[in-house]
Amino acid sequence: MHKLEYVIKTLFNLQAQINLSVETLNEVYNNPSLFVGKTLENFYHEKMGLEPAIHTLISNYSIIQFCSFLDEYNDFFNPAFCEEKYQDRILNVKKKNVPGLKRINQWKDLNKFRNNLVAHNLRIKNESFFSTKFEKLEYKIPNKISEKNLSRCAKSPDFEQ
């Protein structure tokens, strides 16, 4: 069960990170008074509000987390990678997750957004993001906290040795 055990531990760890990010975003959103008058000096504007800074950083990082979770789930949580004797259980869990994954997969630009703007060097096909060639970029990604909450609905694998 070594391969499957490592995959499950990775998925649980990523899910815990996603939960932390989403819960933190919820708290920031639900408690704006905590951030009134709190600013960061010399970032983009003379004084940048702490609330939008926290929201932006956590939202961007959550995209990386979502992509990592989906990569692990799709590439490694499958019978072809894991031990054959767990095939039926893996397929059963994947079947239970179809509705949630169907909704998550509607965010077609998760990897594109991660690669172009969050995780790499702000380049799109070797062209700088700041180039005048790009007037307006649009990405289909989760922009609302309620959409990010959806990612927390995946079923946990139920495996026993």
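One structure accompanies this document, and this report is about it. (Residues numbered from 1 in each chain as written. Predicted model: local features only at pLDDT ≥ 70, side-chain atom pairs only at ≥ 80, totals over all residues. Heavy atoms only, no water.)

**Comments concerning the overall build of the protein**
Helix and strand content of the protein: six helices and four strands. Going residue by residue from the N terminus, the α and β elements of the protein occur as α-β-β-α-α-α-α-β-β-α. Evaluated residue by residue, the protein yields a buried proportion of 34% over its 161 residues. Here the analysis covers contacts within the protein between residues at least 6 apart in sequence; of these, 70% occur between residues at least 24 apart. (Helix = DSSP H or I, 4+ residues; strand = E, 2+ residues; numbered from the N terminus. Buried < 20%, exposed > 50% of the residue type's maximum accessible area, 1.4 Å probe, protein only. Contact = heavy atoms within 4.5 Å.)

**Details of the environment of V36**
Residue placement: V36 occurs in the loop between helix 1 (2-30) and strand 1 (39-43). Judged by relative accessible area, V36 falls into the exposed class, the value being 65%. In sequence terms V36 and E51 are 15 residues apart; their C-alpha atoms lie 8.2 Å from each other.

**Focus on the packing of helix 1 against helix 2 (residues 50-76)**
Between helix 1 and helix 2, the least distance of the axes is 9 Å, while the angle of their chain directions is 160°. When the interaxial angle is binned, helix 1 and helix 2 end up roughly antiparallel. Helix-helix and strand crossings are classified by hand; for helix 1 and helix 2 the assignment is left-handed. Along the lines of polarity and charge, the residues of the contact of helix 1 with helix 2 split into 13 nonpolar, 10 polar and two charged. (Axes fitted to C-alpha atoms, helices over the stretch in contact; angles between N-to-C directions. Parallel < 35°, antiparallel > 145°, perpendicular 65-115°, else oblique. Left-handed = near helix turned anticlockwise from the far one by under 90°. Nonpolar A, V, L, I, M, F, W, Y, C, P; charged D, E, K, R; others polar.)

By themselves, these observations are geometric and do not establish any function.
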